[in-house]
Amino acid sequence: QVQLVESGGGLVQAGGSLRLSCAASGSIFSINAMNWYRQTPGKQRDVVATITSGGITIYADSVKGRFTISRDNAKNAVYLQMNSLKPEDTAVYYCNARLRPFRYSDPRDYWGQGTQVTVSS
């Protein structure tokens, strides 16, 4: 059984910083891309940042220059450093990983439970 566990959310004032962490555990053969998504009530879940297995990063326009995604392959972990936070960054943030549990498994998506980030003005 694969689990993704997030940590690091909380309440911060506008202009502040937070660092989210997500660690995958369980039966994992390989991890492809790892992503951070966010969702606000009544809206769809949107991708914020992506990092491939080779370390290529992609960001949503709304967070470019402020957020940095990184990963530690030895720990099966992904991080999101969020700087210059704005009230509009308030959302539940979800970690996502596309991985193979076993050598001959098809890759599939796994999700964390979500962590609340609230930015006050």
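Residues numbered from 1 in each chain as written. Predicted model: local features only at pLDDT ≥ 70, side-chain atom pairs only at ≥ 80, totals over all residues. Heavy atoms only, no water.

Asks: Honestly, the sheet that holds strand S3 (residues 18-25) in this entry has me stumped. Any pointers?
Replies: Adjacent strands of a sheet pair through backbone hydrogen bonds, lying either parallel or antiparallel. Here we have four strands laid out as an open sheet, ordered S1-S3-S8-S7, and antiparallel in their pairing. Strands at the two margins of the open sheet, each flanked by one partner only, are strand S1 (3-7) and strand S7 (67-72). For this sheet the average axis-to-axis angle between neighbouring strands, irrespective of direction, equals 15°. Taken together, the six bridges between S3 and strand S8 (residues 77-82) define a ladder with antiparallel strand orientation. Each bridged residue has a counterpart across the sheet, and for Leu18 the counterpart in S8 is Met82. (Pairing = 2+ DSSP bridges. Helix = DSSP H or I, 4+ residues; strand = E, 2+ residues; numbered from the N terminus. Axes fitted to C-alpha atoms, helices over the stretch in contact; angles between N-to-C directions.)

Asks: Help me out: how do you make sense of the pairing of S8 in this one?
Replies: In terms of burial, S8 is largely enclosed, as five of its six residues are buried. Bridge count between S7 and S8: six bridges; the pairing is antiparallel. Across the sheet, the residue bridging to Arg71 is Val78, located in S8. Linking two consecutive strands that pair antiparallel, namely S7 and S8, is a turn of four residues; a positive phi of about 50° is found at Asn76 within it. (Buried < 20%, exposed > 50% of the residue type's maximum accessible area, 1.4 Å probe, protein only.)

Asks: I keep staring at the side chain of Thr50 and nothing clicks. Help me out?
Replies: As for its placement among the helices and strands, Thr50 is situated in strand S5 (residues 46-51). Overall, Thr50 belongs to the buried group, its relative accessible area being 15%. A polar side-chain atom of Thr50 sits 2.7 Å from a polar atom in the side chain of Asn35. Discounting chain neighbours no more than four positions away, the residues touching Thr50 are Ala33, Met34, Asn35, Ile56, Thr57, Ile58 and Ile69. (Polar contact = N/O pair within 3.5 Å; in protein donor to acceptor, adjacent residues only side chain to side chain. Contact = heavy atoms within 4.5 Å.)

Asks: What am I meant to see in the state of the cysteines here?
Replies: Each disulfide consists of a covalent bond between the sulfur atoms of two cysteine residues. Going through the model one piece at a time under the given rule, you end up with one disulfide. Cys22 shares a disulfide with Cys95; S-S distance 2.1 Å. Where Cys22 bonds to Cys95 through sulfur, the torsion about that S-S bond is close to -75°, and the disulfide is left-handed. Linking Cys22 in strand S3 with Cys95 in strand S9 (residues 91-100), this pair joins segments that are 73 residues apart in sequence. (Disulfide = S-S within 2.5 Å.)

Asks: Help me understand the pattern of salt bridges, please; the structure alone is not making it clear to me.
Replies: In a structure, side chains of opposite charge can pair up when their charged atoms sit close to one another. Per the counting criterion, the structure on display carries four salt bridges. With its nearest N and O atoms 2.7 Å apart, the salt bridge here joins Asp89 to Arg66. One end of the pair, Asp89, is in the loop between S8 and S9; the other, Arg66, is in the loop between strand S6 (57-59) and S7, and 23 residues separate them in sequence. Residue Asp89 is classed as buried on the basis of its relative accessible area, which comes to 1%. (Salt bridge = Lys/Arg side-chain N within 4 Å of Asp/Glu carboxyl O.)

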